[in-house]
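If you want the building blocks of each chain, they are given just below.
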Amino acid sequence: MCEEYVESRIQRIVKSLKDLEEDMESEGKNSAGDKYETGREMMSEEWNKLSNQLKEFKQQKDTLKLAKNRESSKRIQLGCLVKTSASNYFISIPAGKMDYNNETFYAVGGNSPVARLLMGKTDGEEFEFNGIRNTITSVE
């Protein structure tokens, strides 16, 4: 469910980094002066931003591997699909709204407020989120 999301982000960032590298090489061949230095600095900032994003998505990819390889449990943990009376969640990475088996799930990180409320709970337990009382109807 989330693997495609993360992989597409990684590929997009890698492509942007390659494009930026080409731009930096051609910029170096053009000219010198203040305009050159400003352009070079802007490209360097963009490089750093993209590198940080790439690192973050690679970490999310690692988190997904952990979630996928988890031991089966009736208690909610990283990697669980959780259905509640209000919404369905995939406790993994913050990837937002996703469709899985004709149902909508919200992929949320393990440190998100709703995930912290759900962790360790089991089917049938109740919890309160945003002032609304919910019941866990299924844990997979």
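Residues numbered from 1 in each chain as written. Predicted model: local features only at pLDDT ≥ 70, side-chain atom pairs only at ≥ 80, totals over all residues. Heavy atoms only, no water.

(A) Main features of the overall build of the protein. Along the protein, the regular secondary structure elements total three helices and six strands. Listing each helix as α and each strand as β along the protein from the N terminus yields α-α-β-β-β-β-α-β-β. Taking 2.2 N^0.38 as the reference for a compact globule, 140 residues should give roughly 14 Å; the C-alpha atoms of the protein span a radius of gyration of 21 Å, well beyond that estimate. Counting only C-alpha atoms, the protein reaches 70 × 30 × 25 Å along its principal axes. The 140 residues of the protein split such that 33% are buried. Long-range contacts, defined here as pairs at least 24 residues apart, represent 50% of the contacts in the protein between residues at least 6 apart. Surface accessibility of the protein: about 9100 Å² in total, with carbon and sulfur atoms responsible for 46%. Across the protein, 21 positive and 24 negative side-chain charges occur, with their mean positions spaced 5 Å apart. (Helix = DSSP H or I, 4+ residues; strand = E, 2+ residues; numbered from the N terminus. Rg over C-alpha atoms; globule rule 2.2 N^0.38 Å. Buried < 20%, exposed > 50% of the residue type's maximum accessible area, 1.4 Å probe, protein only. Contact = heavy atoms within 4.5 Å. Areas by Shrake-Rupley, 256 points an atom, 1.4 Å probe, with all protein chains shown as cover. Lys, Arg positive; Asp, Glu negative; His and termini not counted. Charge placed at Lys NZ, Arg CZ, Asp CG, Glu CD.)

(B) Region of interest: a negative patch on the surface. On the surface, a cluster of negative charge is made up of E21, E22, D23 and E25. You can see E22 is positioned in helix α1 (residues 3–30). (Patch = residues over 30% accessible without salt bridge, like charges linked within 9 Å, V, L, I, M, F, W, Y side chains within 5 Å. Salt bridge = Lys/Arg side-chain N within 4 Å of Asp/Glu carboxyl O.)

(C) Spatial organisation of the environment of A86. Structurally, the position occupied by A86 is in the loop between β1 (81–84) and β2 (88–92). Owing to a relative accessible area of 51%, A86 belongs among the exposed residues under this scheme.

(D) Region of the structure containing the pairing of strand β5 (residues 126–129). The pairing of β5 with strand β6 (residues 132–139) spans four bridges and is antiparallel. Of the residues in β6, the one forming a bridge with F127 is N134. From the end of β5 to the start of β6, which pair antiparallel, there are two residues, and N130 there has a positive phi angle of about 55 degrees. (Pairing = 2+ DSSP bridges.)

(E) The arrangement of the sheet that holds strand β3 (residues 96–100) in detail. In spatial order, the strands read β3-β4-β2-β1-β6-β5; together these six strands make up an open sheet with mixed pairing. Each edge of the sheet is formed by a strand with only one pairing partner; in this case those strands are β3 and β5. Shown here is a sheet whose adjacent strand axes are inclined to one another by a mean of 40 degrees, direction ignored. (Axes fitted to C-alpha atoms, helices over the stretch in contact; angles between N-to-C directions.)

(F) How the structure looks around the nonpolar core. By size, the foremost hydrophobic cluster in this structure holds 20 residues, and its most contacted members are C2, Y5, V6, I93 and A95. Listed by contribution, the elements that provide at least two residues to this core are α1, α2 (34–68) and β4 (103–109). No other element matches the seven residues that α1 contributes to this core. Mapping this core onto the domain boundaries places at least three of its residues in each of domain 1 (1–69) and domain 2 (75–139). If we ignore the near neighbours within four places in the chain, the residues touching C2 are L64, F90, S92, I93, A95, M98 and A107. Residues Y89, A115, L118 and V139 belong to the second largest nonpolar core, which totals twelve residues. (Core = buried A, V, L, I, M, F, W, Y, C linked by side-chain atoms within 4.5 Å. Domains from an automatic or database assignment.)

(G) The pattern of salt bridges, seen in detail. Evaluated as defined, the whole model comprises six salt bridges. The partner of D19 in a salt bridge is K15, and the shortest N-O contact between them spans 2.9 Å. Of this pair, D19 and K15 both sit in helix α1, four residues apart, which is roughly one turn of that helix. Residue K15 is classed as exposed on the basis of its relative accessible area of 51%. Ionic pairing is found between E46 and K49, a salt bridge with its closest N-O pair at 3.5 Å. One end of the pair is E46 and the other is K49, both in helix α2 and three residues apart, which spans about a single turn. Given a relative accessible area of 31%, E46 falls into the partly exposed group. One salt-bridge network, in which partners are shared between bridges, spans E126, E128 and R133.

Everything listed here is a matter of geometry and, on its own, says nothing about what the molecule does.
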